[in-house]
Amino acid sequence: MKNINPTHTDAWKKLEEHFQSAKDFQMKELFKENPGRADEFCIQWEDFYVDFSKNIIDKETQSHLLSLTEEVKLKDAVDSYFSGEAINRTEGRAVLHTALREGSDANVKVDGENIIPEVFEVKEKIKNFSEAVIDGTRKGYTGLPFTDIVNIGIGGSDLGPVMITESLEYYKNHLNVHYVSNVDGDHVHQAIKNLNPETTLFVVVSKSWSTQETLSNASTIRTWFTKKAPQEAVAKHFVAVSSNVEAVQEFGIDSDNIFPMWDWVGGRFSLWSAVGLSISLSVGFINFESLLKGANAMDVHFKETPFEQNIPVQLALLSVWYNNFFKAESEAVIPYSQYLHRLPAYLQQAIMESNGKSVDRNGKPVDYQTGTIIWGEPGTNSQHAFFQLIHQGTKLIPAEFIGFKKSLFEDKDHHNKLMANYFAQTEALLQGKDAATVEAELKAKNVSEEEIGHLAPFKVFSGNKPTTSILIDKLTPESLGKLVALYEHKIFVQGVIWNIYSYDQWGVELGKQLATNILKEIEGNDVAQHDSSTEKMLKFFLS
Ligand SMILES: O=P(O)(O)OC[C@H]1O[C@](O)(CO)[C@@H](O)[C@@H]1O
């Protein structure tokens, strides 16, 4: 991939100039001036309708942003990404989660070898295993079928699977799937408290097999399990997903029960691999495959569609526009579906672990902003929580609204109410409410002139708050696959523009290192020298 400082491009300079007028754009005026705006800033693709007309942009903004993609050689970067080039330079790895959703006839090479046959071998293993657990042919050590699954993992080995199983709860079978991630012992003990070891299957997921949280939780659970079950039952009840097969075997998990993954799949992009075993167990392999199929469709859209009509590219460009020119610090993702309640948490890792970098591809500090802060909660709940700040606060928060045309239980009454809110919020954020309207409303309610004078300023909405609406036909495994892949590619595009490495995560290492040392001090009741704050707190903790 090319190493281009985005701020040195002509497009960036043009964007800076253009921003001087664009920062004062009033979207309401832009809509008035251009009756075709809603058509021009809208992409319809398969079952997705993406409206980005309620953004502080015009055709000129879009054209400079598209020139930026040319100058940073985005097209070449996309080719390198899909072709298996080692674009994760600092770890010397390819980034090929997209290969996991390819068809069996694809040919994707890593170190000269086609990896697709191996991907399909593992998929076959996931299929056979999940089908046998679901239909009860694979049984626990006393001959009873499994009723409960516990996924033990953290970060990408937890957030992806838990987000998808929650999102697809409607499609779930009889198995109860639990997730244990935190090293907080209360998490694991609470999770296993009411479980029956005879009917519980444990899926230990750790790409590296060196993560403190996962290994601690797996050991605690194994100890709990072998207090009730014979040692040899571990082989029937524990399976592992990892790229570190030797370490898994040392832990005591049978080689037949190991689902491999590969270096070329990053943890936060791994739900499509055997890391998704708990997804397949929860909703069945057919639905897991549909999820992959949807993601593959988005991959093809991303790879082949001109950037003007390319959903991940347009969303990434908007985010760069707000982040680097408006200096917006965060972005909200608001799914109008309770099923998607873990999507923002999942995206926090995907986006912030990927693009939270301050060193460019030359190893030099960047002098521009990179990764955005992501947050969100489902609508309508979020309307009653933090929307006040989005509407009337001092910060600019571009928000993505995700909604569905159809609900799963087909309760029209509820769905119409939900979606009325979805549409109303983006309209309110766009239109605002001016002082004259507020005053007229108060007058109509017979409020005194004096009271109107006091109250009116608090009731004014400035409007002009940017939103992008993603309206999807229905929440299905396939559409969910498309949605998640959309965000993966948005992350990629932003990383290319910001000239950073999106696929490493060195920033998580220091805390881990210090925790290892501090743990020794805590266990030995012997506090070493630290900064005075840490030292005093450690002593207080041990007293
Ligand atoms: O699957 P592993 O190796 O246990 O790692 C878990 C998580 O830890 C990290 O390495 C750092 O938090 C994530 O990138 C990863 O998803």
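Here the structure is a predicted model, which means the values were calculated and not measured. (Residues numbered from 1 in each chain as written. Predicted model: local features only at pLDDT ≥ 70, side-chain atom pairs only at ≥ 80, totals over all residues. Heavy atoms only, no water.)

### Remarks on the overall build of the protein chain
And step 1. Assigned secondary structure in the protein chain consists of 22 helices and 13 strands.
And step 2. For a compact globule of 543 residues, the expected C-alpha radius of gyration is about 24 Å, and the protein chain comes in at 25 Å, within 12% of that figure.
And step 3. Overall, the protein chain is about 80 × 60 × 60 Å in size when its C-alpha atoms are taken along their principal axes.
And step 4. Partitioning the contacts of the protein chain with sequence separation of at least 6, the portion at a separation of at least 24 is 75%. (Helix = DSSP H or I, 4+ residues; strand = E, 2+ residues; numbered from the N terminus. Rg over C-alpha atoms; globule rule 2.2 N^0.38 Å. Contact = heavy atoms within 4.5 Å.)

### As for the site of the ligand
And step 1. Near the ligand, the surroundings consist of 13 residues, among which Ser157, Ser206, Ser208, Thr211 and Glu353 are the closest.
And step 2. Between Ser157 and the ligand, the recorded distance is 2.7 Å, taken from a side-chain N or O atom to an oxygen atom.
And step 3. At 2.7 Å, a side-chain N or O of Glu353 approaches an oxygen atom of the ligand.
And step 4. For the ligand, whose unbound accessible area comes to 390 Å², protein coverage reaches 86%.
And step 5. Here the shell around the ligand is composed, by residue class, of 2 nonpolar, 9 polar and 2 charged. (Near = heavy atom within 4 Å. Polar contact = N/O pair within 3.5 Å; in protein donor to acceptor, adjacent residues only side chain to side chain. Areas by Shrake-Rupley, 256 points an atom, 1.4 Å probe, with all protein chains shown as cover. Nonpolar A, V, L, I, M, F, W, Y, C, P; charged D, E, K, R; others polar.)

### So, the packing of aromatic side chains
And step 1. Per the counting criterion, the structure on display carries 35 aromatic pairs.
And step 2. A ring pair is formed by Tyr336 and Tyr422, whose centres lie 5.5 Å apart and whose planes are at 80°; its orientation type is edge-to-face. Here the residue Tyr336 occupies a position in the loop between strand 10 (330-335) and helix 15 (343-355), and Tyr422 occupies one in helix 17 (residues 412-431), the gap between them amounting to 86 residues.
And step 3. Of the residues examined, Tyr336 reaches a relative accessible area of 1% and is grouped as buried.
And step 4. Classification of Tyr422 as buried rests on a relative accessible area of 1%. (Phe/Tyr/Trp six-rings, centres within 6.5 Å; stacked < 30°, edge-to-face > 60°. Buried < 20%, exposed > 50% of the residue type's maximum accessible area, 1.4 Å probe, protein only.)

### Considering the pattern of salt bridges
And step 1. Inspection of the entire model under this criterion finds 23 salt bridges.
And step 2. The closest approach of N and O atoms between Asp79 and Lys75, which form a salt bridge, is 3.4 Å. Of the two residues, Asp79 and Lys75 are both situated in helix 5 (residues 74-83); the distance of 4 residues between them amounts to about one turn of the helix.
And step 3. Classification of Lys75 as partly exposed rests on a relative accessible area of 39%.
And step 4. Put simply, Glu85 and Arg89 hold a salt bridge, and the shortest N to O gap is 3.6 Å. (Salt bridge = Lys/Arg side-chain N within 4 Å of Asp/Glu carboxyl O.)

### Let's talk about the UniProt feature "active site" (unreviewed entry) in the protein chain
And step 1. Sequence positions flagged by UniProt for "active site" (unreviewed entry) are, in local numbering, Glu353, His384 and Lys512. These annotated residues cover 160 residues of sequence, and their C-alpha atoms sit far apart, with the largest distance between any two at 36.8 Å.
And step 2. Mapped onto the secondary structure, Glu353 falls in helix 15.
And step 3. Once you skip the residues sitting within four places of it in the chain, Glu353 turns out to touch Arg268, Gln348, Asp504, Gln505 and Val508.
And step 4. Engagement of the side chain of Glu353 in a polar contact is seen with the side chain of Arg268, the distance being 2.8 Å.
And step 5. Given a relative accessible area of 46%, Lys512 falls into the partly exposed group. (UniProt positions renumbered as here; feature names shortened; annotations may be inferred.)

### A word on helix 4 (residues 59-71)
And step 1. With 13 residues, helix 4 should cover 18 Å at 1.5 Å per step; its first-to-last C-alpha distance of 18 Å lies within 8% of that length.
And step 2. Taken as a whole, helix 4 has its buried residues at Thr61, Gln62, His64, Leu65, Leu66, Leu68 and Thr69.
And step 3. Buried positions along helix 4 lie against helix 1 (10-22), helix 5, helix 14 (311-325) and helix 20 (477-498).
And step 4. Capping of helix 4 at its N-terminal end is provided by Asp58; its side-chain oxygen lies 3.0 Å from the backbone amide nitrogen of Glu60.
And step 5. The positive-phi residue at the C-terminal boundary of helix 4 is Lys73, with phi of around 60°. (Expected span 1.5 Å × (residues − 1).)

### Here's the deal with the pairing of strand 6 (residues 176-180)
And step 1. The pairing of strand 5 (residues 148-152) with strand 6 spans 5 bridges and is parallel. When the bridges of strand 6 are listed, Ile149 appears paired with Val177. (Pairing = 2+ DSSP bridges.)

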